[in-house]
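Observations on the three-dimensional arrangement
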Amino acid sequence: MNVHHLPQKISLVMDNEAQWYKRRGYIDFAKDRYEDSLSQKRNESNVTPEELCTTLINLADCHKQMGHLDQALFRYKEAVTIYERELPSSHFLVAVAMRHLAGCYLAQGRPKEAEPLAETALLKARAVLPDGHPNLGWFFNVVAEYHLESGNINESISSFETAIDLFSHAQSLQTLALAEIKHNLALAYDEKKNTEKAMELVKESIDIKEKHSSDFPLEIAQSQIVLGGILYKRLMFKDALKTLEQGMSTLRQKTPEGIYTAGGCYWLARIAKRKQQWPKAHQYITECLRVIQAIYPHGHRRVVWAEKLSQEIIDSEKQGIR
């Protein structure tokens, strides 16, 4: 046995275990295993920047899904710093790390910080990859997310559709990529108040994911929350409640501090308000506010929406109205 390479094999096993947990939605277990792997790799003499940063980014992804965005931001920044120090500035992996960092800023509702990273990442990726390469889809996706967070809905839709077109030519990437981008495009159409198109897209996203349900339980639940909100807006309250409860049964177990969990609580609070179920309405909106206020800065539109609903519930309960 080559003892010199044993630690590297241990960290690889840890990464593989973490990936297994992550794909099945056990994000807390995946996070712990990635942290173990990161500690192991920091003590290895033969670890490459790519190996170290892959673990950093995967660990950051876990924190992001769990709603721990400050921790995620710290890890993404570390990955960018290492890549910029150890690799040529034109290297594709520098662009990948910048894309992830931009996505985290967007998840925090900070589009100004995200914009230069998203645009630079796309430029770097296009300089390395040939036109039409499917991996460019992820870079167009983060640019689209920037436009969506900034309120540029038409630009967002255009970039999401470009990403879908790129991924549609790559059979091996279709499952995860198309499902994710269709989910995101549904959000854009929902913002545009085209709930019919939004509902069609998010249902397509769920259908793709459910064909691989053992791999994407968390992603299915997130799309169910989006669909539940759309159904509510279309006045399909029973279907909305059923869909939201399905999604929340997974999210409360796997990402109780995540943004989609907060979103589910928001729509369940609206439904409880309609039914004049005041204790439930207060419980849901309190849970929503706790998570939302930990993620977004004061004054962010999602915080304002939740605070407004909280006050509406208080006022409606006093008046005995919906």
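Procedures and definitions
Residues numbered from 1 in each chain as written. Predicted model: local features only at pLDDT ≥ 70, side-chain atom pairs only at ≥ 80, totals over all residues. Heavy atoms only, no water. Helix = DSSP H or I, 4+ residues; strand = E, 2+ residues; numbered from the N terminus. Buried < 20%, exposed > 50% of the residue type's maximum accessible area, 1.4 Å probe, protein only. Contact = heavy atoms within 4.5 Å. Polar contact = N/O pair within 3.5 Å; in protein donor to acceptor, adjacent residues only side chain to side chain. Axes fitted to C-alpha atoms, helices over the stretch in contact; angles between N-to-C directions. Parallel < 35°, antiparallel > 145°, perpendicular 65-115°, else oblique. Left-handed = near helix turned anticlockwise from the far one by under 90°. Nonpolar A, V, L, I, M, F, W, Y, C, P; charged D, E, K, R; others polar. 1 Å grid on protein atoms, 1.4 Å probe; cavity = no way out; pocket = protein on both sides within 12 Å on 5 of 7 lines; lining within 4 Å. Points joined across faces, edges and corners; volume = space filled by probe spheres on them.

So, on to the environment of Q108. By the element assignment, Q108 lies in the loop between α5 (92–107) and α6 (111–128). A relative accessible area of 4% places Q108 in the buried class. A C-alpha to C-alpha distance of 27 Å links Q108 and L241, two positions 133 residues apart in sequence. Apart from the residues lying within four places of it in its own chain, the contact partners of Q108 are L69, D70, L73, I295, Y296 and P297. Engagement of the side chain of Q108 in a polar contact is seen with the side chain of R110, the distance being 2.8 Å.

The relative placement of two packed helices comes down to the angle between their axes together with the axis-to-axis distance. Relative to each other, helix α2 (residues 27–42) and helix α3 (residues 49–65) sit at 155°, their axes nearing to 9 Å. As far as their axial angle goes, α3 and α2 are roughly antiparallel. For α2 against α3, the interelement crossing comes out left-handed. Side by side, α2 and α3 meet where I27, A30, K31, Y34, E35, S37, L38, K41 and R42 of the first sit next to E51, L52, T55, L56, N58, L59, C62, H63 and Q65 of the second. For the contact of α2 with α3, a count of residues per class yields 8 nonpolar, 5 polar and 5 charged.

A separate point is the layout of surface pockets. As a volume, the second largest pocket reaches approximately 190 Å³. Those elements giving two or more residues to the lining of the second largest pocket turn out to be α10 (195–210), α11 (217–233) and α12 (237–254). Considered class by class, the residues forming the lining of the second largest pocket number 4 nonpolar, 3 polar and 5 charged.

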